[in-house]
There are 2 protein chains.
Amino acid sequence: MDETPPGAPAATETSAVPAAVVDLLGVLAYGELTAFIRMAVDCDLAPTLGLKTSMGRLATTDFEHYSLLVEHMRERGIDPEAAMAPFVAPIAVYHERTRPKGWLEGLVKGYVGEGIARDFYREMTAFVDADTREVMQTALDDRSEADFVVQIVRDTIRTDPRAAGPLALWGRRLLGEALSQAQAVAVDRDAMSALLVGGGVDLGEIGRMFTRLTDNHTARMHRMGLEA
Amino acid sequence: MDETPPGAPAATETSAVPAAVVDLLGVLAYGELTAFIRMAVDCDLAPTLGLKTSMGRLATTDFEHYSLLVEHMRERGIDPEAAMAPFVAPIAVYHERTRPKGWLEGLVKGYVGEGIARDFYREMTAFVDADTREVMQTALDDRSEADFVVQIVRDTIRTDPRAAGPLALWGRRLLGEALSQAQAVAVDRDAMSALLVGGGVDLGEIGRMFTRLTDNHTARMHRMGLEA
């Protein structure tokens, strides 16, 4: 498949599915696929078999969500590759700018990334049809695998308090890069922005949505014992 | 977990499970875990989303087999990390010596590796208890995901016949390195060798087993349109 460059035309509206939902499914699916690949790659760096197992489980769960989304798209007559294509570049840029130096940064990235994705899934379920909501809910339901990260980061900081500063910075960079790419996508993909505005969401509400995402990120950082 | 160096003591015999079966479960599990990681890493190189999906599916299936084996070990009172430890080094050496240059070599490695693993599973089921056999059979049953590789390699060679020679060499190297590490393991792990001999298998039969593995490898190479 050729990768569609940024600025490609909006996804084609099918009889059943608005272009905005096609976009949403595409970005979620490609996000899960790359999360799977990155986590599996980072898992290669993990120093113990136990960590490799936990990270591998996290990775395969992402792949399962990806498969669910792709299957849902096919059932609805949506071409998954076309739907994902507009998001290949921004998500690649995100991962390129947040390459972990070592397994611990990889773990924190996994935890932070899963959290942001989860928030995004949850915020978006209000604007989609019942079938799509069900698929998204399935992904939301079984995402507790990342919780093992909290204890590992806490233990690391207790043993080596100097690790906390760099990890806190790392968390801020992860959120910053994620929001920066989200903004690029919002500018580029009119349909997806219109999903919110067309769904009766005004700019104030979009602002509050970003505040919620940021607040939840802060809470997750604190849970790991890190400043946000 | 500390990685046990080669020459570590044989796995502890538990009340229920002979050391040889512990070894077998350990090598199968660690083989699946590393196959998962390597395939996921190689999947990152794949040029299309379709290929990434197929390779990702292959990778997650390996992880599922790994999880099944680990669960089976835990149920039998075997420490999975201890069981896998003796095989970390030889399997790491195998992967180190067979790093694919590009996604096509990665695919062929996946197909060849799955095939050899499958043969090994099948040969070994005769020597284990019924419960272990059932777990191994489950892994054997759902391993058709690699078949997509055959068509891709055939198409590649038709388009670019000069690709066939290097890929044939690559296949030979994969088998050679796999057998070389298998031999190192057999020398190092008396218990596992004894599983065969103790199971009434004489040296002639072991020779025929290697012949079968090699013949099956040759058949797989031919299926891809490659000389073995």
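Residues numbered from 1 in each chain as written. Chains lettered and ligands numbered in written order. Predicted model: local features only at pLDDT ≥ 70, side-chain atom pairs only at ≥ 80, totals over all residues. Heavy atoms only, no water.

Chain A appears in an unreviewed UniProt entry as Hydroxylase from Phycicoccus avicenniae.

**Q** Just to check I follow, could you spell out the interface of chain B and chain A for this structure?
**A** It is common to report an interface's size as the accessible area lost on association of the parts. Between chain B and chain A, the contact holds 26 residues from the first and 26 residues from the second. The contact between chain B and chain A buries some 2,200 Å² in all, and 66% of this surface belongs to carbon and sulfur atoms. Here chain B and chain A share four salt bridges between them. Between B:Glu64 and A:Arg57 there is a salt bridge, and its shortest N-O distance comes to 3.6 Å. Looking at the side of chain B that touches chain A, the elements with two or more residues in it are helix H1 (19-43), helix H2 (49-75) and helix H3 (80-97) of chain B. Along the lines of polarity and charge, the residues of the side of chain B that touches chain A split into 14 nonpolar, six polar and six charged. (Contact = heavy atoms within 4.5 Å. Buried area = accessible area lost by both parts, 1.4 Å probe. Salt bridge = Lys/Arg side-chain N within 4 Å of Asp/Glu carboxyl O. Helix = DSSP H or I, 4+ residues; strand = E, 2+ residues; numbered from the N terminus. Nonpolar A, V, L, I, M, F, W, Y, C, P; charged D, E, K, R; others polar.)

**Q** Sorry if this is basic, but what is going on with the pattern of salt bridges here?
**A** All names here are of chain A. Within this structure, the stated rule accounts for 22 salt bridges over all chains. Taking the shortest distance from any N to any O, the salt bridge between Glu123 and Arg212 comes out at 2.7 Å. Here Arg212 lies in helix H9 (residues 203-223) and Glu123 lies in helix H4 (residues 103-124), a separation of 89 residues in the sequence. Overlapping salt bridges bring together Asp119, Arg122 and Arg220 as one network.

**Q** I tried to follow helix H6 (residues 148-159) of chain A on my own but got confused; where do I start?
**A** Because an α-helix completes one turn every 3.6 residues, residues spaced three or four positions apart along the sequence face the same direction. Along its twelve residues, H6(A) runs 17 Å from first to last C-alpha, staying within 8% of the 16 Å computed at 1.5 Å per residue. Among all positions of H6(A), only A:Val149, A:Val150, A:Ile152, A:Val153 and A:Ile157 are buried. (Expected span 1.5 Å × (residues − 1). Buried < 20%, exposed > 50% of the residue type's maximum accessible area, 1.4 Å probe, protein only.)

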